[in-house]
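# Descriptive analysis of the structure
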Amino acid sequence: MLVVLVLALLLAACATSDLPQSSLNPKSAEAQQIDELWRLVLYLAIAVFVVVEAALVIAIFWFRKRKDDDKPEPKQTHGNTALEITWSIIPALILVVIAVPTLQTLFDLASPPEGNFVRVNVTGHQWWWEFEYPDILDANGRPLTTANELHLPVGVTTELKMTSADVIHSFWVPPLAGKRDVVPGHFTFIKITPDVSRAGEAIPGQCAEFCWLSHADMRTLVFLDTEADFQAWADRQLQPATIPTDGPAASGFEIFTAICSTCHQAFIAAPEGPEVFGEAIAPDLTHFGSRTTLGARVLDNTTEHLTQWIDNPESVKPMAPELNNFDTGRILGMPDYGLDAEEIAELVALLEGWK
Amino acid sequence: MAITAPVEDLGYTPSTKGVWSWLTTVDHKRIGLMYGVSALVFFVVGGLEALMIRTQLASADSTILTADAYNQLFTMHGITMVFAVIMPVAAAFQNYMIPLQIGARDVAFPRLNAFSFWLFLFAVIMLSSSFFLGGSPDGAWVGYANLSTEVTEFVRMDYYAIGVQLLGIASIGSSANFIATIFTMRAPGMTMMKMPVFTWMTVVTSFLLILSLPVIAVGLWQMFFDRNFGTVFYEAQAAGDPLLWQHLFWIFGHPEVYVLILPAMGIVSETLPVFSRKPLFGYQFVVFSGIAIGFLGFGVWAHHMFTAGMGPVAEAGFGLATMLIAVPTGVKIFNWIGTMWGGKLTLNTPMLFSIGFIAMFIIGGLSGVTHAAVPADTQQHDSYYVVAHFHYVLFGGSVFGFMAGAYYWFPKWTGKILSETLGKWHFWLMFIGFNLTFGPMHILGLNGMPRRTYRYPEGFGWEFWNGMATIGAFTIAFSILLFIINIVKSTRSGTEVGPDPWDARTLEWMAASPPAIHNFDQVPIVRHLDEWWHRKYGVDEEGRAVPLPEGYSEEPAFVPETGGIHMPSPSYYPMIAAAGLVAMGAGLVFWSSGFLGVGILVVGVAIAFWGLVGWAAEPITREAH
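Read on for a plain summary of the structure. The model shown is predicted, which means the values in this text are computed figures rather than measured ones. Starting from 1, residues in each chain are numbered consecutively following that chain's sequence as written. Here every chain gets a letter starting at A, and every ligand a number starting at 1, in the order they are written. Predicted model: local features are reported for residues with pLDDT of at least 70 only, side-chain atom pairs are reported and counted for 80 or more only, and whole-chain, interface and lining totals are derived from all residues.

### Digging into helix α14 (residues 463–493) of chain B
Because the α-helix completes a turn every 3.6 residues, residues three or four places apart line up on one side. All names here are of chain B. Helix length check: α14 (31 residues) gives 45 Å between terminal C-alpha atoms against 45 Å at 1.5 Å per residue, within 8%. Each residue is classed by its C-beta neighbour count within 10 Å, where at least 20 other C-beta atoms makes it buried, 12 or fewer makes it exposed, and intermediate counts make it partly exposed; the C-beta atoms are placed from backbone geometry. Think of it this way: any DSSP run of H or I at least four residues long counts as a helix, any run of E at least two long counts as a strand, and we number them from the N terminus. For α14, the full list of buried residues reads Trp465, Asn466, Ala469, Thr470, Gly472, Ala473, Ile476, Ser479, Ile480, Phe483, Asn486 and Ile487. A pair of residues counts as a contact when their C-beta atoms, built from backbone coordinates, are within 7 Å of each other. Buried residues in α14 make contact with α2 (28–57) and α13 (420–446). Expected helix span is taken as 1.5 Å per residue step, with the number of steps being one fewer than the number of residues.

Pasting the structure below:
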């Protein structure tokens, strides 16, 4: 009875899920393929579990020594070769049944996408995600660059080509694909063909390879757009950010150029023509105002949270900016620059205006 | 421990009283007990680390622990449990029982045996002291580069690089010792295929360690050099490769997990026959499966790297090899059930733990098979699903197996039996607590919760099962408290028993409980597998066991004694050599601190030199007087 109950619970939990970051909630062709393989393996595993555990439980109950047991000693059976062969071959056959679709799925998922596909270059940093679309270029020929929030068109394959700027990370958005490590000195790849029915959804994911302090806080959000919405989003992202001329945002821009650009960059509509301003050490802020979250999806992008982030970054997620070393390229977080409330409000006004 | 048999023939009687007698002992039984007590202490330490982790994770967005503290805790939890608990517990059982099981009086190299123990103890103390002295390792127990080489402002990962290195040396020493002992010191007539399965599994694990530890030794030196001497083995920016570390680590790490499970499998292969009153079903198949697992265990290491980007050909190869290794594993499980089948089962505590081992290992083994389906593994790896898998095989497997061994062999070590009432409470609370802790983790992983995360947000459906897991963890802790109470109480005032309380099958049950320092007054001559059983029982026409007539024995039953029994003399040099080596290690850990590190290193060299020279120069046995 207990066993049946446990099994029922197990099956119920493993059947499907509508939890937002669940691998049992496939929303792409690739995640669906993995899910189908998983189900086959799971059902076979449950079958084996039931049979073997039942044999164990039956043995315990059937052959336990009863009180006042005066039965003779058991037969001193040493073994049975036919049985040994049988219970070696049957598991081997079950494994063959698992191996064939495993290999098929493995090679299928590893093969490069065919035909037209969207390309995204992913760079893992401690502790944020850099996304660049190498085929979507602005007027200056610079690729669309953003951070932490990814947009993908549904019904079309996107190939992520990934590497790391520092240590090993892993890009994992379970409803869309299995994870793949992001390794410095290597390129790794993930194919994602989101289901057309999922247009309009935002799928959460996060880093899955321990990368120190903010590993748990290195998250991502993937927006699934119709092709039209994706195009519209890309067009907006390619526009430069305007330089505000009055109000607190204008003062905020002064602060941006003086301090923030040491690490951050933005594509600015400068008077002489649009240009990139700042460094690419930290996330691109050109369209920060249109991102729904900040700090790599640790907080929603609200005025209050943005203020907190600039005022005291380590209160949002653990970092070690005191260990930053621009010579070696080791960047371990955003420092607290000790800005006062007015300065922060000006920066907030600037960034919120950069939609 | 009193000597319970006459030892007038010993040329010299080593003192068994006082701390000094323990520090200088080369007696495998005392060394085994010291390994066991140390492991139990570190089990509590590792368990407290786990409880802190589980307290933090009981609720979403918890702020009980900082990320920095959490990272050190989960790293040390893994290092403690693998290197300071499971390996020394296995060493405890192997040290105490192997000579007894093969009819020998000690191991081949008693002082090396002591050296391995002291090196282990001093090294884990050094590793644990890191918490107070410079910070504990915080790169996970696998210490992946290049994170492990990124921050050299702290010595945390230097503790890791040196500490694990020292522990490896200790294990190599033990392994060489056991191989020499088992191959050369078996009682007359005990062929390899008449050895107890526990002894056989020790042979396999010893070879696994000797062949795999050198690989991680190289990897760790490379890590230490990258951190301290500017080498670039793992630096991608300088044409090194962080994946190199993963390969070196797992070529050791995978055989290591078989090292962690095979001794427990060996124990269960002993207890099940005794408490089923039948021989082990398919002894040869169980032995050969163990050997096959050892062999194949060297061919699957990259199944820990399925998401690392090795490419589909490598992934396919390692996936298939991993599936293959499930076959000999299954064979063992079926043979254990076959042992119970048709038997007369006594469901006492050691038997409950043995059965629990089988039940839990089936689950852990099956989740392992799901990992072998490579694309499915890309959803499971680095999530709580794999945390569930390895706890089912390491806790549900190894720990349960060692608990069975503890309840089974406690009477041999102490002459007293552990309380059955407390034992059953221990078992059931541990069984329920364990499943409540780790069962739900399968679900958490499949629902997208990654591992090694100091916190998780609301809204992802993870709170409930995390809360349950924490309740389970505290239940486990309480059960261990009962176990410790049982040990203390029973050692003091437990029911006294004779040499063979279980009516068992193997040679150790012929020795006194506890055994004399020389184990056997007379070494038995072996004619059968389960020799001791065959001195008590024959079979009738139906194959059922019947007691042999009083006084019946196959002659000659014992090796005729021709002279005195010469036991190895105690020595303090192994402990000194071990202390010197660990001091050298500490010096290296603090190398980056300049004179402090160099100073400790030099002192360590001097002490180690003193210990090794003294060891080499001292007479092997004191003269009789």
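This is not the end of the story, as more comes after the structure.
### A few points about the sheet that holds strand β2 (residues 128–137) of chain A
Residues and elements named next belong to chain A. Pairing in this open sheet of 5 strands is mixed, and the strands run β3-β2-β1-β5-β8 from one edge to the other. With one partner strand each, in any of the chains shown, β3 (143–147) and β8 (188–192) form the two edges of the open sheet. Strand-to-strand, the axes of this sheet are offset by a mean angle of 25°, without reference to chain direction. Pairing of strand β1 (residues 118–125) with strand β5 (residues 158–164) involves 7 bridges; the strand directions are parallel. By the bridge assignment, Arg119 is partnered in β5 with Glu159. Geometry is summarised by axes, namely lines fitted to C-alpha atoms with helices restricted to the contacting stretch, and by angles between N-to-C directions that run from 0 to 180 degrees. Seen against the sheet, helix α4 (residues 227–238) touches β2 and β3 and runs at an angle of roughly 90° to β3. Strands are labelled as partners when DSSP assigns at least two bridges between them.

### Quick word on the sheet that holds strand β4 (residues 149–153) of chain A
Residue and element names in this part refer to chain A. Here 5 strands make up an open sheet; going across it, the order is β4-β10-β9-β6-β7 and the pairing mixed. Of all the strands in the sheet, the pair left with one neighbour each is β4 and β7 (180–182). Strand-to-strand twist of the sheet, defined as the mean angle between neighbouring strand axes without regard to direction, takes the value 30°. As defined by bridge partners, β4 adjoins strand β10 (residues 219–225) across 5 bridges and the pair is classed as parallel. By the bridge assignment, His151 is partnered in β10 with Phe223. Its contacts with the sheet put α4 on β4 and β10, and the angle it makes with β4 is roughly 135°.

### With respect to the interface of chain A and chain B
Across the contact, 77 residues belong to chain A and 81 residues belong to chain B. Within the residue set of the side of chain A that touches chain B, elements represented by two or more residues are α1 (2–15), α2 (29–63), α3 (81–110), β6 (169–172) and β7 of chain A. Among the residues making up the side of chain A that touches chain B, the classes are represented as 46 nonpolar, 19 polar and 12 charged. Each residue is assigned to one class: nonpolar for Ala, Val, Leu, Ile, Met, Phe, Trp, Tyr, Cys and Pro, charged for Asp, Glu, Lys and Arg, and polar for all the others, Gly among them.

In short, the description is geometric, and any link to function would need to be established separately.
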